[in-house]
Amino acid sequence: MNDEKVQAQLVQLTTVIETAPADSAEYFQAGRQYQKLLFAHMTLREYEFIT
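The paragraphs below set out a description of the structure included in this document. Note that the structure is a prediction, hence the values are computed from the model and not measured.

Reading guide: rules and limits
- Residues numbered from 1 in each chain as written.
- Predicted model: local features only at pLDDT ≥ 70, side-chain atom pairs only at ≥ 80, totals over all residues.
- Heavy atoms only, no water.
- Helix = DSSP H or I, 4+ residues; strand = E, 2+ residues; numbered from the N terminus.
- Buried < 20%, exposed > 50% of the residue type's maximum accessible area, 1.4 Å probe, protein only.
- Areas by Shrake-Rupley, 256 points an atom, 1.4 Å probe, with all protein chains shown as cover.
- Lys, Arg positive; Asp, Glu negative; His and termini not counted.
- Charge placed at Lys NZ, Arg CZ, Asp CG, Glu CD.
- Phe/Tyr/Trp six-rings, centres within 6.5 Å; stacked < 30°, edge-to-face > 60°.

Details of the overall build of the protein
In terms of helices and strands, the protein carries three helices and zero strands. In the protein, the succession of α and β elements from N to C terminus is α-α-α. Taken along the three principal axes of its C-alpha coordinates, the protein extends 35 × 25 × 15 Å. In the protein, which comprises 51 residues, the share counted as buried stands at 16%. Just so you have it, the protein exposes about 4,400 Å², and 54% of that area is on carbon and sulfur atoms. Here the protein contributes 4 positively and 7 negatively charged side chains, and the mean placements of these two sets differ by 8 Å.

A few points about the environment of asparagine 2
As for its placement among the helices and strands, asparagine 2 is situated in the segment before helix H1 (3-19). Note on asparagine 2: relative accessible area 38%, which makes it partly exposed. Considering only alpha carbons, one finds asparagine 2 and histidine 41, 39 residues apart in sequence, at a separation of 9.4 Å.

Things to note about the packing of aromatic side chains
Within this structure, the stated rule accounts for one aromatic pair. On the numbers, 5.6 Å between centres and 90 degrees between planes, the contact of tyrosine 27 with phenylalanine 28 is edge-to-face. The class for phenylalanine 28 is partly exposed, based on a relative accessible area of 44%.

If you want it as C-alpha cells, here you go:
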C-alpha cells in the first residue's frame, strides 16, 4: 500500500475515532485498525521521534 493510501485511511479512521462515542464498537474497531495501519508503515526511528 502506498503512503498516500495509508494517509487517507488514517484520516478516515481519525474521523471515526473523533465522532464515534468512546464506548462504541465502531470506536474500538477504528482505533485498532488505526494502530495496526500506523505501526505497519512506521520505522522504529519514526516511532521514537514522535514519542
